[in-house]
Amino acid sequence: MKNVNQTKFWQQRYENDSIQWDMGEVSPPLKRYIDQLPESAKDQAILVAGAGNAYEVGYLHEQGFNNVTLVDFAAAPIANFAKRYANFPKDQLICADFFELSAEQYRFDWALEQTFFCAINPERRDEYVEQMARLLKPKGKLVGLLFDKDFGNNHPPFGGNSETYQQRFQSHFNIEIMQPCYNSHPARLGSELFIKLQLQ
Ligand SMILES: C[S@@+](CC[C@H](N)C(=O)[O-])C[C@H]1O[C@@H](n2cnc3c(N)ncnc32)[C@H](O)[C@@H]1O
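Model, not experiment: these values are computed from the prediction. Each chain carries its own residue numbering, running from 1 in the direction its sequence is written. Local features in this predicted model are restricted to residues whose pLDDT is 70 or higher, and side-chain atom pairs enter the listing and the counts only when it is 80 or higher, whereas totals over whole chains, interfaces and linings include all residues. Calculation of side-chain values draws on the structure's entire complement of heavy atoms; hydrogens and water are dropped beforehand.

Help me out: how do you make sense of the site of the ligand in this one?
Nearness here has a simple test: a residue counts as near a molecule or strand if at least one of its heavy atoms is within 4 Å of that partner. The environment of the ligand is formed by 17 residues, the closest being Tyr14, Gly50, Asp72, Gln114 and Thr115. Take aspartate 72: an N or O atom from its side chain is 2.6 Å from an oxygen atom of the ligand. Values of accessible area rely on a 1.4 Å probe in the Shrake-Rupley scheme; residue burial ignores everything except the protein chains shown. In isolation the ligand has 590 Å² of accessible area, and contact with the protein removes 97% of it. When the residues that make up the shell around the ligand are grouped by side-chain class, the tally is 11 nonpolar, 4 polar and 2 charged. The definition of a polar contact used here is a pair of N or O atoms within 3.5 Å, where within protein one atom must be able to donate a hydrogen and the other to accept one, and adjacent residues in sequence count solely through side-chain atom pairs. Ten residues, namely Ala, Val, Leu, Ile, Met, Phe, Trp, Tyr, Cys and Pro, are considered nonpolar, four, namely Asp, Glu, Lys and Arg, are considered charged, and the remaining ones, Gly among them, are considered polar.

Structure follows, in structure tokens:
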């Protein structure tokens, strides 16, 4: 399962149009979350890692959030995004490995999680928590969706449940919200948790 750690695995999926996870639209609960944010949030530094075709980044940009950084280590979805949003700042499109981002260079007020955590090798989950904690400013937040479902261990998505996520995240985060998501996309209804975690 080590190949999910490699750019090539994901880049090929985009090249072969084998991207079953791609919803083709902003995830409804994340759209709802974004819609209720105050005007003052529009300057906040936001990270969307493993963003893929990045509908959430596109939506944030359309709503006037001006400091959103898209990170993915596959070049193809970033190129797709840049074509769709020609005026999106190029220095906020980062083709890099999330695990190698330097916290000296990048610090965010909050990060949006959408099918990235489930895409990494489960052995790297603690690393994800630690890296996310490093990349957030003090009291920064991690907001988004995690699968509330077991998909097996052979290939992504790799699922989980609230109990194991809580154990893992509470090393660095206070769990403000981790609850079944009531307004998921119909294809994911009943299989997602909405999370809002704050860095300790
Ligand atoms: C399952 S896809 C989800 C994409 C997008 N969030 C969505 O919901 O459509 C996982 C994405 O994470 C990216 N990815 C996986 N591991 C990564 C890493 N270590 N650093 C940066 N991106 C990574 C892949 O290239 C892929 O675009």
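Can you walk me through helix H5 (residues 125-135) in this structure?
Along an α-helix, residues three or four apart share an orientation, since each turn contains 3.6 residues. A 1.4 Å probe rolled over the protein chains alone gives each residue an accessible area, and that area as a share of the maximum for its type sets the label: buried under 20%, exposed over 50%, partly exposed in between. Think of it this way: any DSSP run of H or I at least four residues long counts as a helix, any run of E at least two long counts as a strand, and we number them from the N terminus. If you check which residues of H5 are buried, you get Arg125, Tyr128, Val129, Gln131, Met132, Ala133 and Leu135. Tucked inside the fold, the buried residues of H5 contact strand E1 (46-49), strand E4 (108-113), strand E5 (136-147), helix H6 (162-169), strand E6 (173-180) and strand E7 (192-199). Contacts are residue-level and defined by heavy atoms, with any inter-residue pair within 4.5 Å sufficient.

Sorry if this is basic, but what is going on with the environment of glutamate 192 here?
Structurally, the position occupied by glutamate 192 is in strand E7. Expressed as a C-alpha distance, the spacing of glutamate 192 and methionine 178, which sit 14 residues apart in the sequence, is 9.9 Å. Dropping the residues within four chain positions of it, glutamate 192 is found in contact with Pro29, Leu145, Leu146, Phe147, Asp148, Gln179, Pro180, Cys181 and Ser184. For glutamate 192, the side chain forms a polar contact with the side chain of serine 184, separated by 2.6 Å.

Even after reading the chapter, I still don't get the packing of aromatic side chains, so can you show me in this structure?
Aromatic pairs are defined between Phe, Tyr and Trp rings, using the six-membered ring for Trp, whenever the two ring centres lie within 6.5 Å; interplanar angles under 30 degrees are classed as stacked, those over 60 as edge-to-face, and all others as tilted. According to the stated counting rule, one finds 18 aromatic pairs in the structure shown. Judged by centre distance (5.8 Å) and plane angle (50°), the ring pair of phenylalanine 116 and tyrosine 128 falls under tilted. With phenylalanine 116 in the loop between E4 and H5 and tyrosine 128 in helix H5, this residue pair connects regions lying 12 residues apart in the sequence. On the basis of relative accessible area, phenylalanine 116 is assigned to the buried category, the value being 11%. Residues phenylalanine 169 and phenylalanine 173 carry aromatic rings whose centres are separated by 6.1 Å and whose planes lie at 70° to one another, so their mutual orientation is edge-to-face. Judged by its relative accessible area of 0%, phenylalanine 169 falls in the buried class. The exposure class of phenylalanine 173 is buried, given its relative accessible area of 1%. Aromatic ring contacts, followed pair by pair, group Phe98, Phe99, Phe116, Phe117, Tyr128, Tyr165, Phe169 and Phe173 into a single cluster.

Whenever I open this one, the pattern of salt bridges confuses me. Can you help?
Side chains that carry opposite charge are capable of pairing whenever their charged atoms lie near each other. A side-chain nitrogen of Lys or Arg and a carboxyl oxygen of Asp or Glu constitute a salt bridge if their distance falls within 4 Å. Under the counting rule described, the total for this entry stands at 7 salt bridges. Notably, a salt bridge pairs aspartate 109 with lysine 137, separated by 3.4 Å at the nearest N-O pair. Note that aspartate 109 is positioned in strand E4 and lysine 137 in strand E5, a separation of 28 residues in sequence. On the basis of relative accessible area, aspartate 109 is assigned to the partly exposed category, the value being 26%. Taking relative accessible area as the criterion, lysine 137 reaches 29% and is therefore assigned partly exposed. A salt bridge links arginine 124 to glutamate 127; its shortest N-O distance comes to 3.0 Å. Given a relative accessible area of 33%, glutamate 127 falls into the partly exposed group. Linked by salt bridges that have partners in common, Lys141, Glu176 and Lys196 make up one network.

Just to check I follow, could you spell out the nonpolar core for this structure?
Nonpolar side chains in soluble globular proteins tend to end up buried together. Put simply, buried Ala, Val, Leu, Ile, Met, Phe, Trp, Tyr and Cys residues joined by side-chain atoms within 4.5 Å make one nonpolar core. Counting 33 residues, the largest nonpolar core has Leu47, Phe98, Tyr128, Met132, Leu142, Phe169 and Phe173 as its most contacted members. Among the elements of the structure, E1, E4, H5, E5, H6, E6 and E7 are those that each provide at least two residues to this core. Tallying contributions element by element places H5 first for this core, with 5 residues. Each residue touching methionine 132, except ones within four places of it in the same chain, is listed here: Leu47, Phe98, Ala111, Leu142 and Phe173. Of all hydrophobic cores here, the second largest spans 27 residues; its members include Tyr33, Trp110, Leu145 and Cys181.

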